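Chain by chain, the residues run as shown.
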Amino acid sequence: MKKDIIIGLVVGFIANIIGLFIATKVLGQGGGFIEAIETANAQGFISKLISLGAVLNLITFFFFLSKKQDDRAKGVLIATICIAILTLLFKFI
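Just so it is clear, the structure is predicted and the values come from calculations on it, not from any experiment. (Residues numbered from 1 in each chain as written. Predicted model: local features only at pLDDT ≥ 70, side-chain atom pairs only at ≥ 80, totals over all residues. Heavy atoms only, no water.)

**Observations regarding the side chain of Thr60**
Rules: The helix count covers DSSP runs of H or I at least four residues long, the strand count covers runs of E at least two residues long, and both are numbered beginning at the N terminus. Exposure is judged per residue with a 1.4 Å probe applied to protein chains only, and the accessible area is read against the type maximum: over 50% gives exposed, under 20% gives buried, and values in between give partly exposed. The contact rule is simple, with two residues in contact once any of their heavy atoms fall within 4.5 Å.
By the secondary structure assignment, Thr60 is in helix 4 (residues 55-66). Among the residues examined, Thr60 registers a relative accessible area of 18% and is labelled buried. With residues near it in sequence (within four places) discarded, Thr60 still touches Val11, Ala15 and Val76.

**Some thoughts on the pattern of salt bridges**
Pairing is possible between side chains that carry opposite charge, provided their charged atoms lie close to one another. Threshold: Here, a salt bridge means any Lys or Arg side-chain nitrogen found within 4 Å of an Asp or Glu carboxyl oxygen.
Within the structure shown, the criterion is met by two salt bridges. Note that Arg72 is salt-bridged to Asp4, the shortest N-O span being 3.3 Å. Separated by 68 residues along the polypeptide, Arg72 in helix 5 (residues 70-92) and Asp4 in helix 1 (residues 2-27) bring together distant segments of the chain. Here Arg72 falls in the partly exposed class, since its relative accessible area comes to 23%. When the shortest N-O distance is used, the salt bridge between Lys74 and Asp71 registers 3.5 Å.

**What to know about the packing of helix 1 against helix 5**
As a reminder, the rule being used: In this analysis an axis means a line fitted to C-alpha atoms, helices contributing only their contacting stretch, and an angle means the value between N-to-C directions, from 0 to 180 degrees. An angle below 35 degrees is read as roughly parallel, one above 145 as roughly antiparallel, one from 65 to 115 as roughly perpendicular, and any other as oblique. By definition, any crossing whose near helix is turned counterclockwise from its far helix by less than a right angle is left-handed, and any crossing with a clockwise turn is right-handed.
Put simply, helix 1 and helix 5 touch, their axes get as near as 6 Å, and they point 45° apart. With respect to their mutual orientation, helix 1 and helix 5 come out oblique. Considering the relative orientation of helix 1 and helix 5, their crossing is right-handed. The segment helix 1 lies against helix 5, with Asp4, Ile5, Ile7, Gly8, Leu9, Gly12, Phe13 and Asn16 engaging Asp71, Arg72, Gly75, Val76, Ile78, Ala79, Cys82 and Ile83.

Structure (structure tokens):
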């Protein structure tokens, strides 16, 4: 049970990183991933970019629920909450 929550947590963070990568490629201006992150941070919209990356967590959450893997879905939810807190920190700091 605890193992499944940790797996969901890891999957949630990985899904967010992949979503962040996709968001930088779609919204970026042709530069690399790191360059897009640095530009977003310098221009003050890094929190919005991280939030866009969290969209994939929604997909993984409902995937785990449809497969009756509730503990893994809980892990994804915990990861999403951690990302939301991180986004708030970026926005207000």
